[in-house]
Amino acid sequence: MSIDRPALRAQLRARRRELPAATRIAAADGLARQLLALPFAPTRGHVAGYWAMDGEIALHAWQLALPPDVVYCLPVLAGDYLMFAPWRAGQPLASNRYGIPEPDVDGDALLPGEAMQLVVMPLVGFDALGNRLGMGGGWYDRSFGFRNRRAAPPWLVGAGFDDQRVDALDVQDWDVRADAICTGSATLMGSPAPASSPA
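Fair warning: this is a prediction, and the values are worked out from it, not measured in the lab.

What counts and what doesn't
- Note that residues are indexed from 1 along each chain, following the sequence as it is written.
- Only residues with pLDDT of at least 70 get local features here, since the model is predicted, and only at 80 or more are side-chain atom pairs given and counted; chain-wide, interface and lining totals rely on the full set of residues.
- To get the side-chain values, take all heavy atoms of the structure and skip hydrogens and water.
- Paired strands, in this sense, are two strands between which DSSP finds at least two bridges.
- Helix and strand definitions follow DSSP, with helices as H or I runs of at least four residues and strands as E runs of at least two, each counted in order from the N terminus.
- Note on geometry: axes are lines fitted to C-alpha atoms, helical ones only across the stretch in contact, with angles between N-to-C directions running from 0 to 180 degrees.
- A clockwise course of the path from the first strand over the helix to the second, judged with the strands pointing away from the viewer, identifies a crossover as right-handed.
- What makes two residues a contact is simply this: any of their non-hydrogen atoms within 4.5 Å.
- To define a nonpolar core, start from buried Ala, Val, Leu, Ile, Met, Phe, Trp, Tyr and Cys residues and group those joined through side-chain atoms within 4.5 Å.
- Only protein chains enter the calculation, and the probe is 1.4 Å; a residue is then buried if its accessible area is under 20% of its type maximum, exposed if over 50%, and partly exposed in between.
- A 1.4 Å probe that fits into a set of points on a 1 Å grid over the protein atoms alone but cannot get out defines a cavity; an open set with protein on both sides within 12 Å along at least five of seven lines defines a pocket, and lining residues are those with an atom within 4 Å of a point.
- Grid points are joined across faces, edges and corners, and a volume is the space filled by probe spheres set on the points.
- Under the convention adopted here, Pro, Cys and the residues Ala, Val, Leu, Ile, Met, Phe, Trp and Tyr are nonpolar, Asp, Glu, Lys and Arg are charged, and Gly plus all remaining residues are polar.
- By this rule, a helix spans an expected 1.5 Å times one less than how many residues it contains.
- Charge counting follows a simple rule: Lys and Arg are positive, Asp and Glu are negative, and His as well as the terminal groups are ignored.
- Any carboxyl oxygen of Asp or Glu within 4 Å of a side-chain nitrogen of Lys or Arg constitutes a salt bridge here.
- As used in this structure description, the phrase polar contact means that two N or O atoms lie within 3.5 Å; if the pair is within protein, one of them must be able to donate a hydrogen and the other to accept it, and residues adjacent in sequence are counted only when both atoms belong to side chains.
- Two rings from Phe, Tyr or Trp (for Trp, the six-membered ring) form a pair when their centres sit within 6.5 Å of each other. Planes less than 30 degrees apart are called stacked, planes more than 60 degrees apart edge-to-face, and all others tilted.
- Definition used: whenever NZ (Lys) or CZ (Arg) falls within 6 Å of the ring centre and also within 35 degrees of the ring normal, the charge is taken to sit over that ring.

Trainee: Explain the sheet that holds strand β10 (residues 180-182) to me, please; I cannot follow it from the model alone.
Mentor: In any sheet, the strands associate via hydrogen bonds between backbone groups, in a parallel or an antiparallel arrangement. The 7 strands lie next to each other as β3-β2-β1-β6-β9-β10-β11, forming an open sheet whose pairing is mixed. Two strands bound the open sheet, and with one partner strand each, they are β3 (81-86) and β11 (187-189). On average, adjacent strands in this sheet sit at an angle of 25 degrees to one another, irrespective of strand direction.

Listed below in structure tokens is the structure:
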């Protein structure tokens, strides 16, 4: 199957931006509940979210509800890969080359993806098999490509609105699969699931 990914991205991004504010708020609250109920949701360590842009579903409700021993991080562009920095509301941010806010920290404060227990990735689209359509820059695929070669932390979870689901997505060799996709109303476990995950 061959899908026109740029056209599909444009369509799904437009659909996402058209969602009313009340729908967005309710979805963000529901997403927080879905993420906290994941069978592999950590109770300590580092987790990574993202700064919601261009109509992406927000993570603030999840961030505020995390257990006290869980440290919330945001991605930082580092060369061709993502690194991560702890961040709390009110701490300094700087815009990266795409205009996305990221923690304004020194390079020695950055953590690699392997240091995260769980990473929540933004979605443009997804299907029932856990395939994820991102923005097309390949940042998460490059940064977590090691997950395609071996079972290793972190757990990867896509987050989006229910309206971003499509019937099917084609998969490329370099696409990193999500362990789960969470929306405001449901969780779809990726297939096949990692050997250490519940059935």
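Alright, that's what it looks like, and here's the rest.
Trainee: Which parts of the structure should I look at to understand the pairing of strand β1 (residues 45-48)?
Mentor: Walk down a regular strand and you will see the side chains alternate between the two sheet faces. Here β1 runs beside strand β2 (residues 70-78); their pairing, made up of 4 bridges, is parallel. Bridge pairing in β2 links valine 47 to tyrosine 72. Handedness of the crossover is the feature at issue here: the chain leaves β1, passes through helix α3 (residues 60-65), returns alongside β2, and the resulting connection is right-handed. As paired strands, β1 and strand β6 (residues 116-122) are joined by 3 bridges and run parallel to one another. For alanine 48, the partnering residue across the bridge sits in β6 and is valine 119.

Trainee: I'm lost on the side chain of asparagine 96 in this one. Help?
Mentor: Checked against the element boundaries, asparagine 96 lands in the loop between β4 (93-95) and β5 (101-103). Discounting chain neighbours no more than four positions away, the residues touching asparagine 96 are Leu77 and Glu102.

Trainee: It is not clear to me how the nonpolar core should be interpreted in this structure. Could you clarify?
Mentor: Most often, soluble globular proteins keep nonpolar side chains buried together rather than apart. Core analysis: the biggest nonpolar cluster contains 45 residues, and Leu35, Trp62 and Leu118 have the highest contact counts within it. By size, the runner-up hydrophobic cluster in this structure holds 6 residues, among which are Leu8, Leu12, Val124 and Leu133.

Trainee: How should the layout of surface pockets be read in this particular structure?
Mentor: Rolled over the atoms, a probe as big as a water molecule pinpoints where empty space is left. Here the largest pocket defines a volume of roughly 770 Å³. Looking at the largest pocket, it is lined by 38 residues, and the ones nearest its centre are Pro122, Arg132, Met135, Trp139 and Tyr140. Of all the secondary structure elements, the ones that give two or more residues to the lining of the largest pocket are α1 (5-17), β2, β5, β8 (132-133) and α4 (139-143). Ranked by the residues each element gives to the lining of the largest pocket, the list is headed by α1, at 4 residues. Looking at the lining of the largest pocket residue by residue, the classes come out as 19 nonpolar, 7 polar and 12 charged.

Trainee: How should helix α2 (residues 21-36) be read in this particular structure?
Mentor: Along an α-helix, residues three or four apart share an orientation, since each turn contains 3.6 residues. A rise of 1.5 Å per residue sets the reference length of α2, with its 16 residues, at 22 Å; its end C-alpha atoms lie 23 Å apart and thus fit the reference within 8%. Listed as buried for α2 are Ala27, Ala28, Gly30, Leu31, Ala32 and Leu35. Considering only its buried residues, α2 is in contact with α3, β6, β9 (155-159) and β10.

Trainee: What's the story with the side chain of arginine 132 in this structure? I'm lost.
Mentor: Topologically, arginine 132 is positioned in strand β8. It turns out arginine 132 is buried and unbridged, and the closest side chain with the opposite charge, aspartate 141, is 4.7 Å from it. For arginine 132, the side chain forms a polar contact with the main-chain oxygen of proline 122, separated by 3.1 Å. Non-local contacts of arginine 132, meaning those with residues more than four positions away in its chain, are made with Met121, Pro122, Leu123, Gly125, Tyr140 and Leu169.

Trainee: For this particular structure, what's the right way to read the pattern of salt bridges?
Mentor: Close approach of charged atoms lets side chains of opposite charge pair. Across all of its chains, the model carries 4 salt bridges by this definition. Residue arginine 13 pairs with aspartate 54 through a salt bridge whose shortest N-O separation is 2.7 Å. Taken together, the residues arginine 13 in helix α1 and aspartate 54 in the loop between β1 and α3 connect sequence positions 41 residues apart. What you see here is one network of salt bridges that share partners, running through Arg13, Arg16, Arg17 and Asp54.

Trainee: Just checking my understanding: could you explain the packing of aromatic side chains for this structure?
Mentor: What describes a pair of aromatic rings is the distance from one ring centre to the other and the angle between the planes of the rings. A complete count under the given rule lists 7 aromatic pairs for this structure. Residues phenylalanine 40 and tryptophan 155 carry aromatic rings whose centres are separated by 4.0 Å and whose planes lie at 5 degrees to one another, so their mutual orientation is stacked. One end of the pair, phenylalanine 40, is in the loop between α2 and β1; the other, tryptophan 155, is in strand β9, and 115 residues separate them in sequence. On the basis of relative accessibility, which here comes to 8%, the residue phenylalanine 40 falls in the buried class. Overall, the relative accessible area of 18% leaves tryptophan 155 in the buried class. Between the aromatic rings of phenylalanine 84 and phenylalanine 144, the centroid separation amounts to 6.0 Å while the plane-to-plane angle is 40 degrees, which identifies the pairing as tilted. Here phenylalanine 84 is found in strand β3, whereas its partner phenylalanine 144 is found in the loop between α4 and β9, with 60 residues between them in sequence. Owing to a relative accessible area of 0%, phenylalanine 84 belongs among the buried residues under this scheme. On the accessibility criterion, phenylalanine 144 (0% relative accessible area) is buried. Three or more aromatic residues joined by ring pairs make a cluster, and in this case those are Phe84, Tyr140, Phe144 and Phe146. If you follow arginine 142 out to its NZ or CZ, it ends over the ring of tryptophan 139, 4.8 Å from the centre.

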